[in-house]
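Next come the chains, spelled out residue by residue.
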Amino acid sequence: MLLCMFGYMNLWFLGLNCKSDPEKDKSVKKIINRSWKDLGRITQEEIIVLVSFAVLVILWFFRKPGFIPGWTTLFPEPSYISDGVPAVLIGILLFLFPAKKTGLICGKLEDGPSRPILTWKQLQQEMHWGVLLLIGGGYAMADASDASGLDNI
């Protein structure tokens, strides 16, 4: 279906004539290159967030993969550990990791102590609490209907 939609969208927007204007291509490349340069160098904060996300995905995948025993078997009650546990762990670590160089790993301490990557003020401003409550309420209702047997009717 994806390939069919790709073909349909190409025919709809490009038609059978797939010629491009070299002048427009140059201007698009110029805009992309300028935007790329405006991004600047990758910061320590961005690297830590990228590594944290990669670790989170690995923890999710290897929690209970099926082809090998997962890392939850290291705990006395593996059934207590769900996908939320690694997410909360990584979230807490983002409150602890420094955003800038601190002198512990690479180099000198720059401009005093660094702020953490994630602050409580940032979380309060950026977090869409309504969406969180909506999703949490949905999970609570699903669990309640499962526990009460309502979903078996």
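Overview of the structure. It should be emphasised that the depicted structure is a prediction, and the values quoted were computed from it without experimental measurement.

## Things to note about the environment of R63
Considering the arrangement of structural elements, one finds R63 in the loop between helix 3 (44-61) and helix 4 (84-96). Separated by 15 residues in the primary sequence, R63 and P78 place their C-alpha atoms 9.3 Å from one another. With sequence-adjacent residues up to four places away left out, R63 is seen in contact with G70, W71, T72, I81, S82 and D83. Within the structure, the side chain of R63 is placed 3.1 Å from the backbone oxygen of I81, a separation counted as a polar contact. Only 2.8 Å separates the side chain of R63 from the side chain of D83, close enough to count as a polar contact.

## Some thoughts on the pattern of salt bridges
In the structure shown here, the tally under the stated rule is two salt bridges. In this structure, R115 engages E45 in a salt bridge whose closest nitrogen and oxygen atoms are separated by 3.2 Å. Within this pair, whereas R115 is found in the loop between helix 4 and helix 5 (120-126), its partner E45 is found in helix 3, the two being separated by 70 residues in sequence. Looking at R115, the relative accessible area reads 41%, which means it is partly exposed. Measuring nitrogen to oxygen at the nearest pair gives 2.8 Å for the salt bridge that ties D83 to R63.

Reading the values: the criteria
- Residues numbered from 1 in each chain as written.
- Predicted model: local features only at pLDDT ≥ 70, side-chain atom pairs only at ≥ 80, totals over all residues.
- Heavy atoms only, no water.
- Helix = DSSP H or I, 4+ residues; strand = E, 2+ residues; numbered from the N terminus.
- Contact = heavy atoms within 4.5 Å.
- Polar contact = N/O pair within 3.5 Å; in protein donor to acceptor, adjacent residues only side chain to side chain.
- Salt bridge = Lys/Arg side-chain N within 4 Å of Asp/Glu carboxyl O.
- Buried < 20%, exposed > 50% of the residue type's maximum accessible area, 1.4 Å probe, protein only.

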